[in-house]
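Residues per chain, in single letters:
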Amino acid sequence: MELILAPLAGYTDKAFRQIAVENGADKTVTEMVSAEGLARKSAKTEALLEKFDESENLVIQLFAPDEDPIRRCLENPLVQKAQHIDINSGCPVPKVVKTGAGSAMMRNPENIYKIVKLLKSSTSAAVSVKFRLGWDENSMNYAEYAIACADAGADALTLHTRTRSQGYSGIARKEHFSVLRKLFPKDDPSSPLLYASGDVFSAEDALCYIKDYGADGVMFARGAIGNPFIIRQTKDLLMSGSYKDVDIEEKIQTALHHLELAIGYYGESLACREMRKHVLAYLKGLKGGARAKQEIAAAKTFKEYQQILSSLL
């Protein structure tokens, strides 16, 4: 059973990935990375693949409309060293979709077949694909897409149980995951691993995918922002049937630890700017959080963050 921090653009940098591992994540995934950018050896793109530690079990997630940029990016040493490569076929963001990448790939299952086949023949990395139910309600082809991935040799598949047209709205339809489980039975050694994503906001949500629908693992996305504890809680729930709630002191200590890590990687000025969105999530639901959020918006140093957050105790 694997508990994984999902790729989140603008969030899953190495500081957040380290926090996730400290809270029990078996794997973490980079932010979505342009295969074209890696092919051109863009420094900004390559920075997204930096590990926080050489022992990190890191999955790099690439996006591309077809196999051409994937083929060219294979020459990049960072890709050559990757132990696990994931292909994004689920991003619904217009600027990604209009290039033919992300969830737009689901309109052309033959392209994902070619990409997976290329990666399996050209690298020693494990290869996985993350995708949605389909483009919209009238084209829910996730089963066909999964078969194309598996036929090409994919080692794992992740289904986000929404369509592209849903974006991140509405309710994830977890019941569709059972269709994949029937297609790829657990007792069949040729079956790829099946991971679930979509509306995992509690340990119970994760357990539902695992126990009720047969997932081999779960990817935590929005539910882990400001709440990396959800991963540890899920692991505890799976192992012992219960878990402990997180108190305000641990939330604040973790937020400050998260900021310290970010400062170590990016410097105080940039880290304090980028950390605001994370801290706002850590403060969600806390008494006095509204006032603290206003003050955090102007915080520029670790000391200022520490004073603001400590005032909540």
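About the criteria used
Residues numbered from 1 in each chain as written. Predicted model: local features only at pLDDT ≥ 70, side-chain atom pairs only at ≥ 80, totals over all residues. Heavy atoms only, no water. Core = buried A, V, L, I, M, F, W, Y, C linked by side-chain atoms within 4.5 Å. Buried < 20%, exposed > 50% of the residue type's maximum accessible area, 1.4 Å probe, protein only. Contact = heavy atoms within 4.5 Å. Axes fitted to C-alpha atoms, helices over the stretch in contact; angles between N-to-C directions. Helix = DSSP H or I, 4+ residues; strand = E, 2+ residues; numbered from the N terminus. Parallel < 35°, antiparallel > 145°, perpendicular 65-115°, else oblique. Nonpolar A, V, L, I, M, F, W, Y, C, P; charged D, E, K, R; others polar. Arc of directions from axis to C-beta. Pairing = 2+ DSSP bridges. Phe/Tyr/Trp six-rings, centres within 6.5 Å; stacked < 30°, edge-to-face > 60°. Lys NZ or Arg CZ within 6 Å of the ring centre and 35° of its normal. 1 Å grid on protein atoms, 1.4 Å probe; cavity = no way out; pocket = protein on both sides within 12 Å on 5 of 7 lines; lining within 4 Å. Points joined across faces, edges and corners; volume = space filled by probe spheres on them.

**Topic: the nonpolar core**
Side chains of a nonpolar character, in soluble globular proteins, are inclined to be buried together.
Moving on, step 1. With 93 residues, the main nonpolar core has Ile-87 and Phe-131 as its most contacted residues.
Moving on, step 2. Filtering out sequence-adjacent residues up to four positions away, Ile-87 remains in contact with Gln-61, Leu-62, Ile-70, Met-105, Ile-112, Ile-115, Leu-119, Ser-128, Val-129 and Lys-130.
Moving on, step 3. One finds Met-32, Phe-63, Cys-91 and Ala-101 within the second-largest nonpolar core, a separate group that totals five residues.

**Looking at the packing of helix α13 (residues 268-282) against helix α15 (residues 302-310)**
Moving on, step 1. Direction vectors running N to C along α13 and α15 enclose 30°, while the axes themselves pass 10 Å from each other. One element, α13, and the other, α15, form an angle in the roughly parallel class. On α15, the residues that touch Glu-268, Cys-272, Met-275, Arg-276 and Val-279 of α13 are Phe-302, Tyr-305 and Leu-309.
Moving on, step 2. Broken down by class, the residue content of the contact of α13 with α15 amounts to six nonpolar, no polar and two charged.

**So, helix α14 (residues 289-296)**
Given 3.6 residues to a turn, an α-helix orients residues that are three or four positions apart in the same direction.
Moving on, step 1. Within α14, burial applies to Gly-289, Ala-292 and Ile-296. One side of α14 carries all its buried residues, which in axial view fall inside an arc of 60°. When the buried face of α14 is taken as reference, the exposed residues oriented beyond 90 degrees from it are Ala-290 and Gln-294.
Moving on, step 2. Considering only its buried residues, α14 is in contact with α13 and α15.

**A few points about the environment of Gln-306**
Moving on, step 1. Assignment of secondary structure puts Gln-306 in helix α15.
Moving on, step 2. Sequence spacing of Gln-306 and Arg-107 is 199 residues, and the spatial spacing of their C-alpha atoms is 49 Å.

**Comments concerning the pairing of strand β5 (residues 84-89)**
Moving on, step 1. Summarising burial for β5: six of the six residues are buried, a large majority.
Moving on, step 2. Direction of pairing for strand β4 (residues 58-63) relative to β5: parallel, over a ladder of three bridges. Within β5, the position partnered with Ile-60 by the bridge is Ile-85.
Moving on, step 3. With six bridges connecting them, β5 and strand β6 (residues 126-132) associate as parallel partners. When the sheet's bridge partners are listed, Ile-85 is paired in β6 with Val-127.

**Considering the packing of aromatic side chains**
Moving on, step 1. On inspection of all chains with the given rule, the structure shows three aromatic pairs.
Moving on, step 2. When the ring of Phe-177 is compared with that of Tyr-209, the centres are 6.1 Å apart and the planes differ by 65°; the resulting orientation is edge-to-face. You can see Phe-177 sitting in helix α9 (residues 177-183) and its partner Tyr-209 sitting in helix α10 (residues 203-212), a full 32 residues away along the chain.
Moving on, step 3. A residue is classified by how much of its surface remains accessible, and Tyr-209, at 0% relative accessible area, is buried.
Moving on, step 4. Its guanidinium or amino end placed over the ring of Tyr-168, Arg-132 lies 5.0 Å from that ring's centre, counting from NZ or CZ.
Moving on, step 5. Sitting over the ring of Tyr-209, Lys-174 keeps its end group 5.2 Å from the ring centre.

**Comments concerning empty space enclosed by the protein**
Moving on, step 1. Enumeration over the complete set of coordinates arrives at one cavity of 30 Å³ or more.
Moving on, step 2. Considering only enclosed or pocket space, the largest cavity measures out at about 40 Å³ in volume.
Moving on, step 3. Forming the walls of the largest cavity are Ile-4, Lys-27, Val-59, His-84, Asp-86, Ser-128, Thr-158, Tyr-195 and Met-219.
Moving on, step 4. In the lining of the largest cavity, the residues fall into four nonpolar, three polar and two charged.

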